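# Report on the structure
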Amino acid sequence: MDFLEYSLFFMLIFCFSYSIWFIQYRRTKTSAPTNWPILKELPAVLWNLHRGHEYMTEVLIEYGGTYEFKGPILANVDMFFTCDPENIHYIFSKNFSNYPKGPEFRKIFDILGNGIFNVDHELWELHRKTTMSIMSHAKFQILLERTMWDIIEKGLGPILDAFAKQGKTLDLQDVLQRFTFDFITKLLLDHDPRSLSIDLPYLLHEKAFGVALDALLHRHITPQCLWKLQQWFRIGKERKLMQACEAFDQFIYPCISQKHQELMHKSIIKDEEFAFLNAYIKMYNQWNNGDLGTLQTFLRDTFLNLMFAGRDTTSAALTWFFVLLAKNPLVKKKIREEIQQQLHVKEDENLKFFTKEKSRKLIYLHGALCETLRFFPSVSIEHKVPLDHDILPSGHRVSPKTRMILPLYTMGRMETLWGEDCLEFKPERWISERGGIKHEPSFKFPAFNAGPRTCLGKEMAFIQMKIASATIIHNYNIQVVEPENVYPTTSIIMQVKNGLMVKVVKKV
C-alpha cells in the first residue's frame, strides 16, 4: 500500500468506529446532545439553534431539570443549565449574595454600562431604591395613566383603524414594539419619537433594540475570544452591535441634554414632568466617586436599561397573548364578556379611557396574561456565575467558573410544577376560589424574576398590558394569519419569529 491507500484505510476505520460509537450513544440518549470528540456537544446546539427553546426544554425535562453542557475543548463555553425550582429559589433568594451579575455578565452586556440590570451591591441597591421611590409616587401614577392613553389615542388606535379600513395585513409584533417604545420614551424622557405614525417609519434607534438582543445572545454561545475578535475587526454580529450602540447614543444623549437644559432654565419644575431625570441626577451626585463616568454617560446607561425593560418585555408578552387568543377563541369570548360587565361598556360601543383602578377588576384578563407569561416569559433565560464554590439543592456542585443558564421558558412546561394539563392554556388556573388573582411563588413562576431582583415594573407592566389588550380586544377583531405556523425566536427576549402577521377588523 502506498501512503494514499494507508490514509484512506485508516480514515475508513475511523469513520466506521465513529459511526458505531454514535449509534450506541444514541440508543441510550434520546434528547441530550451527542458528546462528540473535540467539538463535544456544540454540533447539536448549532443543529437545533432554530428551535433552541424547545430543544432545551426537551433535554432538561428528560434530565430532571438540570443539565451540564460541554462545549468544544479549550473554547471555555461549558454551561450549567437548571430550571429546578429549588435551585431557582436558592440562587435567586436563599443564597442571593453568591450569585450577583458579576464580571462575566458585565462583559456580555457591556452596552448596559452602569444601569440597574448590569450592576451589583451598593450601586444596584441605590438604583433600586431610586426607581422604587419614583414608581411609588402618586404623581408618577397619574403620569403613567395619562401617557398610556395618549399613545393609544394618537398612535395605536389610528394605525389599527387605518389597516382595518384598508384590509391589509399588519405585523402586530412590530406595532406593539413601536407602541411600547413610544410609551417608555415618553414616560422616561418626555419625548415622543412617533414611531407609531401611520406610515410606520423605519427608525434606526427603535430597531436597534432587536439587533442588540440578537448579538447579545450570540455572545452567550460563542467563545469570548471569537466575539472579541469580531469586535476588534468590527465584523459580524459585533459590528451590528456597535451600530446599535451608536444608534442608542445618537437618540438618547440629545433627549437627555434637552431635558437637562430645560430643567436648568426653569424656575418652577413640575414634579411629574422631570421625576426620572431629577431623581437620577441626585443619585449620581450622591454616589459618584469617579467610576460612573460623566453625568451624561450615567444617565444614558440608566435610561437605556429602563428602555430595554419597557419596550421589549411588554411588547413580547402582548404579542404572544394575541397568538394564544387566536388558538383559544373561548378564552377571547370570556375576556370580552368580562370587559363589558366590569367596565360597563356595551358590545357596540367603543372602549375608551378607563383608569388603572378599573383595570384591576379584569381578573380573567389578568389570568390570561399570567398564563401567557407562563408559556412565553418575556425574558426567556437568566445568566449567573457564582462568587464562591457552592452545592445546589439538586446536589450539583458549582464553582466561580461555572456559567449558569436558567431557562425560564422550560419551567412553564413542567408537569411537576403545573400538572398534567401544563400544555393547556387555562387562565382559570390563576383565579382563586374566591374569584381573585391566585398568586404563585416566584421560583415557580419567575416571569418577573425572583428574590431581591424581582422586576420593579411588574405592576406597571400589568396595567399597560391590561389597558392595551382590553382596548384592542373590545374595539377590534385581530385575526392571526396561520397561527399554527407561529414560532418563537431563539433569543434572550421571547419574540415571534418573522413577526406576527394579522388582519384587523373594526368591530364598532
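For the structure itself, look to the data block above.
We now examine the nonpolar core. Counting 152 residues, the largest nonpolar core has F248 and I335 as the members making the most contacts within it. Per-element tally for this core: the top contributor is helix α13 (residues 295-327), with 17 residues.

According to the stated counting rule, one finds 23 aromatic pairs in the structure shown. Centroid distance F321 to F322: 5.4 Å. Interplanar angle 75°. Geometry classified as edge-to-face. Here F321 matches F322 in class, with each residue buried. Geometrically, the ring pair formed by F376 and Y409 is tilted, given 6.3 Å between the ring centres and 55° between the ring planes. Of this pair, F376 sits in the loop between α16 (363-375) and β4 (381-384) while Y409 is found in helix α17 (residues 408-411), placing the two residues 33 residues apart along the sequence. Comparing F376 with Y409 shows no difference in burial state: the two are buried. The ring of F105 carries the charged tip of K101 above its face, separated from the ring centre by 4.4 Å. Seen from the ring of Y409, R413 lies directly overhead, with NZ or CZ sitting 3.8 Å from the centre.

Quick look at the sheet that holds strand β9 (residues 501-506) now. With antiparallel pairing, 3 strands are arranged side by side in an open sheet as β3-β9-β8. Where the open sheet ends on each side, the last strands, each with one partner, are β3 (169-171) and β8 (476-480). Pairwise comparison of adjacent strand axes, ignoring direction, gives a mean angle of 40° for this sheet. Each of β3, β8 and β9 touches helix α8 (residues 172-189); the most contacted strand, β3, lies at about 50° to it. Together, β8 and β9 form the strand contacts of helix α19 (residues 458-475), whose direction differs from that of β8 by roughly 95°.

The rules behind each value
Residues numbered from 1 in each chain as written. Predicted model: local features only at pLDDT ≥ 70, side-chain atom pairs only at ≥ 80, totals over all residues. Heavy atoms only, no water. Core = buried A, V, L, I, M, F, W, Y, C linked by side-chain atoms within 4.5 Å. Buried < 20%, exposed > 50% of the residue type's maximum accessible area, 1.4 Å probe, protein only. Helix = DSSP H or I, 4+ residues; strand = E, 2+ residues; numbered from the N terminus. Phe/Tyr/Trp six-rings, centres within 6.5 Å; stacked < 30°, edge-to-face > 60°. Lys NZ or Arg CZ within 6 Å of the ring centre and 35° of its normal. Pairing = 2+ DSSP bridges. Axes fitted to C-alpha atoms, helices over the stretch in contact; angles between N-to-C directions. Contact = heavy atoms within 4.5 Å.

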